[in-house]
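Close look at the chain arrangement
Take a look at the letters that make up each chain.
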Amino acid sequence: MLQNKILVTGGLGYIGSHTVVALQDAGFQAVIVDNLSNSTINVLEGITSITRKAPIFERLDLRVKHDVIEFFKKHDDITGIIHFAASKAVGESVKNPLLYYENNLHTLTYLLQECTARNIDNFIFSSSCTVYGEPDSLPITEDAPVKIANSPYGNTKQISEEILKDTCAISKLKTISLRYFNPIGAHDSAKIGELPLGVPQNLVPFITQTAAGLRKELSVFGDNYPTPDGSCIRDYIHVVDLAEAHVIALQRLLDNKNETPFEMFNIGTGKGSSVLEVITAFEKVSQQKLPYKIVDRREGDVVSVYADTTKANNILGWKAKKTMEEALASAWEWEKVVRSTT
Ligand code: NAD
Ligand code: WQD
């Protein structure tokens, strides 16, 4: 059988690796490009062990235009691209905006130049609920206005979507932008998962590292927000469900089922959970108390964010299947594996 060869940029990263598994399980041939700036080569073994099929891998920095061109000359039978590769730390982006504009926008531009030159028409983009800022109403639909980003990272996601729309307008490119809410969890096999470098900035890896004894206690950033328990609310989506959304979106494009050249979908569960609820749920699944203290609010945090997933459910034909508890349990299993091997 002739397989669709799909380029997965950043395919050794957290969401990319889970998506490569989903792609290969669905019969696609994944070609991973990654510069290992935020991942390790061991992830390749994890993917191969789960799917029993080795993805093609090229270590390459997408900021080097010449290397991008050479890559496409070598792999001239790519039929679609799922573009994960980017820098993603909000705080770091404030300190080093040019790194973010270069890594998140140059790389996209180089890829799109190759798409238009080579008639690669199917493109899935990793966007973020960060584009909605502090929403006017909840749950957030795709019609909600994009708010001025409060970080260069957020800016890059907004600008990327504009770049994609503009490119769709002048070429045969079809794009689906998936606006992720808060991805958490790991593959059930505990062979791949999130691998934050240094001190985690995100809630769930901080929780699992605290439970594993690596951190003394979790700081809960504020308990005086206008929410039922005073802590912030987010929509935590299992990374395996999120990965599945990419395969469904890609198939939609390959089948020419898209209604417009540029489409975007919220990818969340539709359910909001507060920080304190996440802690309680984690304590339940891990059967241990989590040491935590309440501290001041974190600058830039929005109060409450969760998705209206009607469009993704009805038009994309995707729905999250896994619960937050399942996601937390898988994150905990993964943390234990990581601790036992480091
Ligand atoms: P990640 O850092 O785990 O994965 C990104 C991968 O891209 C890494 O393996 C990294 O080494 C690689 N990479 C970065 N720059 C590169 C370059 N110039 N050339 C080649 N490879 C490069 O991040 P993730 O959590 O898997 O996120 C994937 C995408 O999803 C990103 O675009 C991110 O902005 C977006 N996103 C993530 C979240 C989240 O909370 N994790 C939420 C919304 C959107
Ligand atoms: C979740 C909640 C914190 C850590 C970020 C990016 C966003 C997107 C997803 C990429 C918040 C609280 C956290 C801690 C805490 N990424 N918290 N103690 O801020 O919703 O979103 O990741 O696109 O752009 O901004 O996720 O996991 O950092 O925080 O109390 O040690 O947990 O205040 O309410 P966030 P998060």
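Residues numbered from 1 in each chain as written. Chains lettered and ligands numbered in written order. Predicted model: local features only at pLDDT ≥ 70, side-chain atom pairs only at ≥ 80, totals over all residues. Heavy atoms only, no water.

Considering the overall build of the chain
Going by this rule: Strands are runs of DSSP state E lasting at least 2 residues, helices are runs of H or I lasting at least 4, and numbering of each runs from the N terminus. We compute the radius of gyration over the C-alpha atoms and compare it with the globule rule, which gives 2.2 Å times the number of residues raised to the power 0.38. We call two residues contacting when some pair of their heavy atoms lies within 4.5 Å. Note on areas: these come from Shrake-Rupley sampling with a 1.4 Å probe, and a residue is covered only by the protein chains present in the view.
The helix and strand inventory of the chain stands at 11 helices and 13 strands. Computed over C-alpha atoms, the radius of gyration of the chain comes to 19 Å, within 12% of the 20 Å expected from 2.2 N^0.38 for 342 residues, which places it in the range of a compact globule. Projected onto its principal axes, the C-alpha positions of the chain cover 55 × 45 × 40 Å. Relative to all contacts within the chain whose residues are 6 or more apart in sequence, the contacts with residues 24 or more apart total 80%. A total accessible area of about 15,200 Å² is found for the chain, and carbon and sulfur atoms account for 51% of it.

Describing the site of ligand 1
Just so we agree on the cut-off: Near residues are defined by distance, with any heavy atom within 4 Å of the molecule or strand qualifying the residue. What qualifies as a polar contact is a pair of N or O atoms within 3.5 Å, subject to a donor-acceptor requirement within protein and to the restriction that residues adjacent in sequence count only when both atoms come from side chains. Charged means Asp, Glu, Lys or Arg here, nonpolar means Ala, Val, Leu, Ile, Met, Phe, Trp, Tyr, Cys or Pro, and polar covers whatever is left, Gly included.
The environment of ligand 1 is made up of 27 residues, and the closest members are Asp34, Asn38, Ser39, Asn103 and Tyr153. Serine 39 places a side-chain nitrogen or oxygen 2.7 Å from an oxygen atom of ligand 1. Relative to its unbound accessible surface of 820 Å², ligand 1 loses 95% to contact with the protein. Among the secondary structure elements, those contributing two or more residues to the shell around ligand 1 are α1 (14-25), α5 (97-118), β5 (122-128) and α6 (152-170). Looking at the shell around ligand 1, the element that brings in the most residues is β5, giving three residues. A per-class count over the shell around ligand 1 returns 12 nonpolar, 11 polar and four charged.

Let's talk about the site of ligand 2
Every one of the 18 residues lining ligand 2 counts as a neighbour, but Ser128, Tyr153, Ser219, Arg234 and Asp301 are closest to it. Within the side chain of asparagine 182, an N or O atom sits 3.0 Å from an oxygen atom of ligand 2. The protein chains hide 87% of the 680 Å² of surface that ligand 2 would expose on its own. Broken down by element, the shell around ligand 2 gets its largest block of residues, four residues, from strand β8 (residues 218-221). Classifying every residue of the shell around ligand 2 gives nine nonpolar, six polar and three charged.

So, the UniProt feature "domain: NAD(P)-binding" (unreviewed entry) in the chain
Applied cut-off: UniProt positions are given in the numbering used here, feature names are shortened, and annotations may be inferred rather than shown by experiment.
Per the UniProt annotation, the sites labelled "domain: NAD(P)-binding" (unreviewed entry) are residues 7-328. Summarising residues 7-328: 40% helix, 18% strand, and an end-to-end C-alpha distance of 30 Å.

Observations concerning the sheet that holds strand β2 (residues 29-34)
Condition: Here, a strand pair is defined by DSSP locating no fewer than two bridges between the strands. Every axis corresponds to a line fitted to the C-alpha atoms, with the helix fit spanning only the stretch in contact, and the corresponding angles, defined between N-to-C directions, vary from 0 to 180 degrees.
Read across the open sheet, the seven strands follow the order β3-β2-β1-β4-β5-β6-β11; overall the sheet is parallel. The sheet is open, and its two borders are formed by β3 (56-59) and β11 (262-267), each paired with just one other strand. Across this sheet, the average inter-strand angle for adjacent strands is 20°, counted without regard to direction. Here four bridges tie strand β4 (residues 78-83) to β5, and the two strands are oriented parallel to one another. When the bridges of β5 are listed, histidine 83 appears paired with phenylalanine 125. Those strands touched by helix α8 (residues 239-254) are β1 (5-9), β4, β5, β6 (174-180) and β11, and its axis lies near 160° from that of β6.

Here's the deal with the confidence of the model for the chain
What counts here: Predictor confidence is given residue by residue as pLDDT, running from a minimum of 0 to a maximum of 100.
In the predicted model, the chain carries a mean pLDDT of 97, and the fraction of residues at 70 or more is 99%. What the predictor reports for the complex is a pTM of 0.98 with an ipTM of 0.99.

Regarding the pattern of salt bridges
Heads up, the rule is: The term salt bridge refers to a side-chain nitrogen of Lys or Arg lying within 4 Å of a carboxyl oxygen of Asp or Glu. Only protein chains enter the accessibility calculation, which uses a 1.4 Å probe; a residue whose area is less than 20% of its type maximum is buried, one above 50% is exposed, and one in between is partly exposed.
With the rule as written, the count across this model stands at 18 salt bridges. For aspartate 301, the salt bridge is made with arginine 234, and the minimal N-O distance between the two is 3.8 Å. Here the residue aspartate 301 occupies a position in the loop between β13 (292-295) and α10 (310-316), and arginine 234 occupies one in strand β9 (residues 233-234), the gap between them amounting to 67 residues. Each member of the pair aspartate 301 and arginine 234 is classed as buried.

Here we look at the pairing of β8
Burial along β8 is one-sided: the face carrying Leu218 and Val220 is buried and the face carrying Ser219 and Phe221 is not. Relative to β13, β8 runs parallel, the two being bridged by four bridges. Counted as the bridge partner of serine 219 is lysine 293 from β13.

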